[in-house]
Amino acid sequence: KTTLMAQLQRSLGIAQDTKRERVEKEEHEGETEEEEGSGGGDDKILEENDRTGYCVNLDPATKLVPYGVSIDIRDTVDYKEVMKQHNLGPNGAIMTSLNLFATKFDQVMTILERRAYGHEVDKAAASEGDTATANPKNDDTNKKINYILVDTPGQIEAFTWSASGTIMGESLASSFPTVLAFVVDTPRCAASPHTFMSNMLYACSMLYRTRLPLVVVFNKTDVVSHDFAQEWMEDYEAFQEALDERNEYTDGPESTGYYGSLTRSLSLVLDEFYTTLHKCGVSAATGDGVDDFWNAVQNAANDYETDYLEDLRNRISEQKAKKGALARLGVRRLQRDLDEDNRTRGSGVGRMS
């Protein structure tokens, strides 16, 4: 996954820091003059590439990030220290680190919005009197970004099914056209149709959990072509034949009984799911298929505009309607209580007279 991120970054021109941010980094990190001079090559790449990217790492447990990251959760949260202080295991520490980082994610959004929209954000903030957000010294030469690459923890449940993951995902989706990319190990899927089906279930759960457009990325195509996976997704009978062929040479629990029957049934259920799914094959090692990936992302972004935004507006309208209904119900209850109180007081006065 991280190797693929590095490959994707190399296909983009990486947005450089503004002059003010460079000075702050130099003062904080003590960069040498040689390191300052090395930025010239990056500027040249930036000018030559129309697609400009910005990388964010949200995996607190990773030891090595083989790509240039602009915002890194590890700079804010110490994963090992979280494990030690809270007596947590690896997964618990990852989720706690994400929860801690989510409390400051509004600051991340401010940076990303300024990078993506430039002075439009600063002008809007200045018009609202928000001097903390407004940045009149923003560098005019800073090129706006076209893509934001966000690397999440490899444990799907730790991000997709956590409260912090939902907060971060919805924050990004509320400001930018957001697309999920689910990276699949193609050789493993080729070795077993059951493994392929498990990956498709993961993809399906992510899609329905977030409601965001999803691109299934079949990685390691330099080892095994992803053509078989596309065929299985487009032809139900082809997948059934692959199961039958595997069962002829396998006597384990995968071939018979409940497991095999479940896999066949799921393939039929997910047949319609495949028709609207974006997919592509890439090689993180060689870079083959990267252009296909960006094309799939663009198509998925179009789905964001047509489907997700409409769904988001409907959900907002539904929430407003629910709040309005609760408010009206509260008013009616208050009025009923007042009327009851008035009747009680009136009957008491009548008895005293």
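Residues numbered from 1 in each chain as written. Predicted model: local features only at pLDDT ≥ 70, side-chain atom pairs only at ≥ 80, totals over all residues. Heavy atoms only, no water.

## Observations regarding helix α10 (residues 163–175)
Point 1. Its 13 residues place the ends of α10 19 Å apart at the C-alpha level, agreeing with the 18 Å of an ideal helix rising 1.5 Å per residue.
Point 2. Of all the residues in α10, the buried ones are S164, G165, M168, G169, L172 and A173. The buried side chains of α10 occupy one side of the element, clustering within an arc of 160 degrees when seen end-on. Away from its buried face, by an angle of more than 90 degrees, α10 presents the exposed residues A163 and S174. (Helix = DSSP H or I, 4+ residues; strand = E, 2+ residues; numbered from the N terminus. Expected span 1.5 Å × (residues − 1). Buried < 20%, exposed > 50% of the residue type's maximum accessible area, 1.4 Å probe, protein only. Arc of directions from axis to C-beta.)

## Structural notes on the side chain of S164
Point 1. Structurally, S164 can be placed in helix α10.
Point 2. Judged by relative accessible area, S164 falls into the buried class, the value being 2%.
Point 3. Looking at S164, its side chain comes within polar contact range of the side chain of N99, at 3.1 Å. (Polar contact = N/O pair within 3.5 Å; in protein donor to acceptor, adjacent residues only side chain to side chain.)

## Examining the packing of helix α7 (residues 105–117) against α10
For any two helices packed against each other, the geometry is given by the interaxial angle and the distance between the axes.
Point 1. It is at 11 Å that the axes of α7 and α10 come closest, and there the two elements cross at 25 degrees. In this view, α7 runs roughly parallel relative to α10, as classed from their interaxial angle. Note on packing geometry: the crossing formed by α7 with α10 is right-handed. Seen from α7, the contacting residues are F105, M109, L112, E113 and Y117; seen from α10, they are M168, S171, L172 and S175.
Point 2. Its residues placed into classes, the contact of α7 with α10 shows 6 nonpolar, 2 polar and 1 charged. (Axes fitted to C-alpha atoms, helices over the stretch in contact; angles between N-to-C directions. Parallel < 35°, antiparallel > 145°, perpendicular 65-115°, else oblique. Left-handed = near helix turned anticlockwise from the far one by under 90°. Contact = heavy atoms within 4.5 Å. Nonpolar A, V, L, I, M, F, W, Y, C, P; charged D, E, K, R; others polar.)

## Points about the nonpolar core
Point 1. In this structure, F196, M200, L214, V216, F218, F273 and Y274 are the most contacted members of the largest nonpolar core, which totals 33 residues.
Point 2. For this core, the elements supplying multiple residues, two or more each, are β5 (180–185), α12 (193–210), β6 (214–219), α13 (227–234), α14 (236–248), α16 (271–275) and α17 (290–352).
Point 3. Looking at which element gives the most residues to this core, the answer is α12, with 7 residues.
Point 4. Here M200 is in contact with V216, F218, M233, L270, F273 and Y274, once residues within four sequence places are set aside.
Point 5. Judged by nonpolar contacts, the second largest core, of 24 residues, contains Y54, L58, I73 and F101. (Core = buried A, V, L, I, M, F, W, Y, C linked by side-chain atoms within 4.5 Å.)

## With respect to the sheet that holds strand β7 (residues 278–281)
Point 1. Strand order in the open sheet made by the 3 strands is β5-β6-β7, with parallel pairing throughout. One side of each edge strand has no neighbouring strand; the edge strands of this open sheet are β5 and β7. Ignoring strand direction, the axes of neighbouring strands in this sheet form an average angle of 25 degrees.
Point 2. As paired elements, β6 and β7 share 4 bridges and run parallel to each other. Bridged to V215 within β7 is H278. (Pairing = 2+ DSSP bridges.)

## Some thoughts on the pattern of salt bridges
Point 1. Scanning all chains against the criterion turns up 6 salt bridges.
Point 2. Here D244 and R264 are joined by a salt bridge, their closest N and O atoms 2.4 Å apart. Of the two residues, D244 is situated in helix α14 and R264 in helix α15 (residues 257–269); the sequence distance between them amounts to 20 residues.
Point 3. R264 gets classed as partly exposed once you look at its relative accessible area, which sits at 26%.
Point 4. Ionic contacts of the salt-bridge type, sharing partners, join the residues D185, R188 and K220 into one network. (Salt bridge = Lys/Arg side-chain N within 4 Å of Asp/Glu carboxyl O.)

## A few points about the packing of aromatic side chains
Point 1. Tallied over the full model, the rule gives 9 aromatic pairs.
Point 2. Between the aromatic rings of Y117 and F176, the centroid separation amounts to 5.7 Å while the plane-to-plane angle is 15 degrees, which identifies the pairing as stacked. Taken together, the residues Y117 in helix α7 and F176 in the loop between α10 and β5 connect sequence positions 59 residues apart.
Point 3. Summarising the aromatic geometry, the rings of F293 and W294 are spaced 5.1 Å apart at their centres and angled 70 degrees between planes, so their arrangement reads as edge-to-face. (Phe/Tyr/Trp six-rings, centres within 6.5 Å; stacked < 30°, edge-to-face > 60°.)

## Observations concerning the pairing of strand β4 (residues 147–151)
Point 1. Residue alternation in β4 divides its side chains into a buried set, Y147, L149 and D151, and an unburied set, I148 and V150.
Point 2. One ladder, built from 5 bridges, connects strand β2 (residues 52–57) with β4; its direction is parallel. Looking at β4, one finds that Y54 is bridged to I148.

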